[in-house]
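Letter by letter, the chains look like this.
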Amino acid sequence: MADFKALDDLGNDWGDVAGKRVLVREDLNVPMAGGTVTDDTRLRAAVPTVAELSDRGAVVLVLAHFGRPKGRPDPAMSLSLVTKPFEAVLGRPVRFVDWDGAEAAVATMQPGDVALVENTRFLAGEEANDPDTVARMAALGDLYVNDAFSAAHRAHASTEGLARALPAYAGRQMEAELDALNKALGTPEHPVAAVVGGAKVSTKLDVLKHLVTRVDHLVIGGGMANTFLAARGVDVGRSLCEHELTATAEEVLDAADRANCTVHLPYDVVVATEFRAHAPTRTVNVHEVGGDEMILDLGPSAVESLGDVLKNCRTLVWNGPLGAFETPPFDAATVSLARTAAALTVGGSLVSVAGGGDTVAALNQAGVGGDFTFVSTAGGAFLEWMEGRELPGVAALMR
Ligand code: ADP
Ligand code: MG
């Protein structure tokens with residue numbers, strides 16, 4: 001991966017940034033209920049970059065989107081609702097600025113001041129990356145910092161356009177994410193293992209196709225493994241299975257073969273005739289699944305041998321749970337392999353990077369989210385990166 005510009009370069013390029021107006025793109029798209037923020041992870045993640053620039057005397061203008069307002073103002077999606085919560089987390093005053101009053105407001109700001117500008121998606125040209133909208137935003141600042149990896153897969157005015165219009169740098173959060181992802185798939189230490197699970201092959205096909213060319217071991221788990229088993233002639237009973245994609249599954253297996261990537265499919269599985277918590281289960285070889293049974297998790301022998309694979313690997317990238325982890329006991333394989341990966345990471349033999357909404361939830365359920373080298377909360381951007389795609393917001397930060 002080519003090299004991107006980060007906050008340290010900003011100092012080298014511009015020296016003292018005191019008094020410089022810096023537009024900082026953050027992801028402040030927090031969940032809210034009854035007027036309060038129910039999860040402030042994203043607010044906390046924005047703090048290091050905003051605080052650092054403020055400490056360095058910059059005039060900091062934070063840009064962010066909030067919800068999907070379709071290019072026009074909608075009071076329910078105003079970032080004024082997030083200003084107080086962000087101020088509390090940042091520990092210094094944050095002024096809220098409307099798009100109409102932005103220019104006048106910026107002119108009165110002092111070095112170190114922080115303002116949060118109204119929802120970028122209130123502007124019709126934001127999502128279209130319209131040049132006039134880019135120019136309107138760019139007029140407010142001297143420099144641009146993008147700290148929102150999670151929005152970097154979209155070529156919007158505030159994520160891509162601005163990076164072309166102003167000198168552009170990655171914020172601390174973006175820098176940490178790019179460094180971690182680069183360590184996992186860009187220039188990783190081999191052997192590299194990828195664990196891909198989740199419900200369906202159809203949502204992760206491009207991920208699988210890319211990974212077979214990059215990793216030494218590909219572990220396929222979750223519901224999507226059933227489609228691969230069916231492709232191999234296994235009767236998966238009433239399991240979730242995309243029978244129309246068995247030929248595609250074969251193609252992935254052939255591509256893996258050509259690329260010398262070892263694919264690990266389940267050989268023992270946990271099955272049940274009902275999909276509910278604490279339903280009666282059987283642990284069987286994949287060839288012994290009954291016609292009325294569903295595969296809902298990997299079996300203990302498969303998990304143990306996957307643990308041995310990880311012990312011999314230096315790098316792990318993980319997306320997707322191995323079973324229907326929300327419904328106990330079908331979380332057992334995911335929890336067990338996650339703990340093994342966490343222990344190897346803590347022991348220093350493995351670099352582990354994971355991402356995906358349900359994956360993050362599963363790792364937290366296993367109590368090991370904090371022990372992985374890096375856990376990405378970026379969702380769509382993380383998946384596009386796993387597909388090997390160039391993210392426009394990242395490409396625009398390259399030297
Ligand atoms: P992520 O959000 O991490 O990218 P996905 O959304 O692709 O992950 O997949 C997670 C979903 O896959 C979970 O809801 C989980 O219950 C489901 N799943 C995993 N294994 C199975 C299975 N064997 N049968 C049915 N659903 C499964
Ligand atoms: Mg999901």
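Note: the structure precedes this text.
The rules we used
- Residues numbered from 1 in each chain as written.
- Chains lettered and ligands numbered in written order.
- Predicted model: local features only at pLDDT ≥ 70, side-chain atom pairs only at ≥ 80, totals over all residues.
- Heavy atoms only, no water.
- Near = heavy atom within 4 Å.
- Polar contact = N/O pair within 3.5 Å; in protein donor to acceptor, adjacent residues only side chain to side chain.
- Areas by Shrake-Rupley, 256 points an atom, 1.4 Å probe, with all protein chains shown as cover.
- Helix = DSSP H or I, 4+ residues; strand = E, 2+ residues; numbered from the N terminus.
- Buried < 20%, exposed > 50% of the residue type's maximum accessible area, 1.4 Å probe, protein only.
- Pairing = 2+ DSSP bridges.
- Salt bridge = Lys/Arg side-chain N within 4 Å of Asp/Glu carboxyl O.
- Axes fitted to C-alpha atoms, helices over the stretch in contact; angles between N-to-C directions.
- Parallel < 35°, antiparallel > 145°, perpendicular 65-115°, else oblique.
- Left-handed = near helix turned anticlockwise from the far one by under 90°.
- Contact = heavy atoms within 4.5 Å.
- Nonpolar A, V, L, I, M, F, W, Y, C, P; charged D, E, K, R; others polar.

Summarise the site of ligand 1; cite the residues concerned and give the values.
Taken together, 18 residues are adjacent to ligand 1, and Ala199, Lys204, Glu326, Asp358 and Thr359 come closest. In the environment of ligand 1, a nitrogen atom lies 3.4 Å from a nitrogen or oxygen atom belonging to the backbone of glycine 323. In isolation ligand 1 offers 580 Å² of accessible surface; the protein chains occlude 83% of this area. Of all the elements in the fold, those that place two or more residues in the shell around ligand 1 are strand E14 (294-298) and helix H13 (357-365). Of the residues forming the shell around ligand 1, the biggest block, three residues, is contributed by H13.

Explain the pairing of strand E1 (residues 21-25) to me, and be specific about the residues and the numbers.
The buried count for E1 comes to four of five residues, which makes it a mostly enclosed element. Relative to strand E4 (residues 59-63), E1 is paired through five bridges, and the arrangement is parallel. Across the sheet, residue valine 24 finds its bridge partner in E4, namely valine 62. Across four bridges, the pairing between E1 and strand E7 (residues 143-146) is parallel. Counted as the bridge partner of valine 22 is leucine 143 from E7.

Go over the pattern of salt bridges, please, and point to the residues and values.
Tallied over the entire structure, the rule returns 22 salt bridges. Put simply, glutamate 274 and arginine 276 hold a salt bridge, and the shortest N to O gap is 2.9 Å. As a salt-bridge pair, aspartate 308 and lysine 311 come within 3.5 Å of each other at their nearest N and O atoms. Taken together, the residues span about one helical turn, with aspartate 308 and lysine 311 both in helix H11 (residues 300-311) at a distance of three residues. Several salt bridges converge on common partners, so that one network encompasses Asp8, Glu52, Arg56, Arg172 and Glu175.

Let's hear about the sheet that holds strand E10 (residues 217-220): which residues, and what values?
If you trace the six strands from one edge of the open sheet to the other, you get E11-E10-E9-E15-E16-E17, paired in parallel fashion. The outermost strands of the open sheet, each flanked by one partner alone, are strand E11 (262-264) and strand E17 (374-376). Averaged over neighbouring strand pairs, the angle between their axes works out to 15° when direction is ignored. Taken together, the three bridges between strand E16 (residues 351-355) and E17 define a ladder with parallel strand orientation. What sits directly across from glycine 355, in E17, is serine 376.

Kindly report on the packing of H11 against helix H12 (residues 332-346), identifying the contributing residues and their values.
Packed helices, taken two at a time, are described by the angle between their axes plus the distance between the axes. Contact geometry for H11 and H12: axes closest at 10 Å, N-to-C directions at 20°. With respect to their mutual orientation, H11 and H12 come out roughly parallel. Crossing of H11 against H12: the hand is right-handed. For the pair H11 and H12, contact is made by Val303, Leu306, Gly307, Leu310 and Lys311 and by Ala333, Ser336, Leu337, Thr340, Ala341 and Leu344, respectively. For the contact of H11 with H12, the per-class residue count stands at seven nonpolar, three polar and one charged.

Outline the packing of helix H5 (residues 131-138) against helix H6 (residues 157-165), listing residues and values.
Between H5 and H6, whose axes approach to 9 Å, the crossing angle comes to 70°. For the element pair H5 / H6, the angle class is roughly perpendicular. Contact residues: H5 offers Thr133, Val134, Met137 and Ala138, while H6 offers Ala157, Ser158, Gly161, Leu162 and Ala165. For the contact of H5 with H6, the residue count by class is six nonpolar, three polar and no charged.

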